[in-house]
Structure formats: structure tokens, C-alpha cells
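Breakdown of the fold
The chain contents come next:
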Amino acid sequence: MQTLVFLLLLFLIVVFSILLFIKNKHSRLDKLTKGICPNCGAKTKTFYNENTKTTFKSEAITAKVLRNGGCSGVNDIEYNCKECGLKEVYSQV
């Protein structure tokens, strides 16, 4: 009986840890697509020049397509942070 309870608890811990990993991965991807670095918190900086009435943007996150999957494939996209040097690769449809 103790073995069954132990195995059930172990199974629940494994399932919840996998769900937590997936949640953290998706939240990091959401931050990267919004232009916020998940490590250092760097955001897009906006500058305004009053002489020329021009607004400049300095992006903190750059995205680069590493592999294009075609019409029905998956794209591998690399996100780079200019502030802390973070590099992460995600597969997106």
C-alpha cells in the first residue's frame, strides 16, 4: 500500500514539474515576442529628436530565422538580447 501511495505521489510530482516547465517556456517566449528580455528585463527604448521631430526606436531583442520550414513546416527563430547577450532558439509555426 505504501508503494502505491509513493508511486502516485511521484507520478503527480513529475506531471506537475513538466507542466511548470512548459508554462515557463511559453512565458519566456511571450516576453521575447513582445520585445522584453526574460533575463535582464531590457525593453525597447524610444528616443525623440525635437529638432527634426523624429522618433527613434532601439530594439533590445532581435529575431533571426535560422531555418524556414516552408508552407507547412516549422520555423526555427533565434532571439538575441543586445543588453545581456541572451540567445534562445524556439520553433514556431
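These remarks concern the structure in this document. (Residues numbered from 1 in each chain as written. Predicted model: local features only at pLDDT ≥ 70, side-chain atom pairs only at ≥ 80, totals over all residues. Heavy atoms only, no water.)

Now for the overall build of the protein chain. Within the protein chain, the secondary structure is distributed over one helix and five strands. Ordering the α and β elements of the protein chain from the N terminus gives α-β-β-β-β-β. In summary, the protein chain has a C-alpha radius of gyration of 20 Å against a globular reference of 12 Å for 93 residues, an excess of more than 25%. Judged by the C-alpha coordinates and their principal axes, the protein chain covers about 80 × 35 × 20 Å. In the protein chain, which comprises 93 residues, the proportion classed as buried is 19%. Long-range contacts, defined here as pairs at least 24 residues apart, represent 26% of the contacts in the protein chain between residues at least 6 apart. Of the roughly 7500 Å² of accessible surface on the protein chain, a fraction of 60% belongs to carbon and sulfur atoms. Side-chain charges in the protein chain split into 13 positive and 7 negative, and the spacing between the mean points of these groups amounts to 2 Å. (Helix = DSSP H or I, 4+ residues; strand = E, 2+ residues; numbered from the N terminus. Rg over C-alpha atoms; globule rule 2.2 N^0.38 Å. Buried < 20%, exposed > 50% of the residue type's maximum accessible area, 1.4 Å probe, protein only. Contact = heavy atoms within 4.5 Å. Areas by Shrake-Rupley, 256 points an atom, 1.4 Å probe, with all protein chains shown as cover. Lys, Arg positive; Asp, Glu negative; His and termini not counted. Charge placed at Lys NZ, Arg CZ, Asp CG, Glu CD.)

This part takes up the state of the cysteines. Note: disulfide means a covalent bond formed between the sulfur atoms of two cysteine side chains. A full pass over the atoms with the stated rule returns zero disulfides. No disulfide involves Cys40; its sulfur sits 3.6 Å from that of Cys37, the nearest cysteine. Overall, the relative accessible area of 40% leaves Cys40 in the partly exposed class. (Disulfide = S-S within 2.5 Å.)

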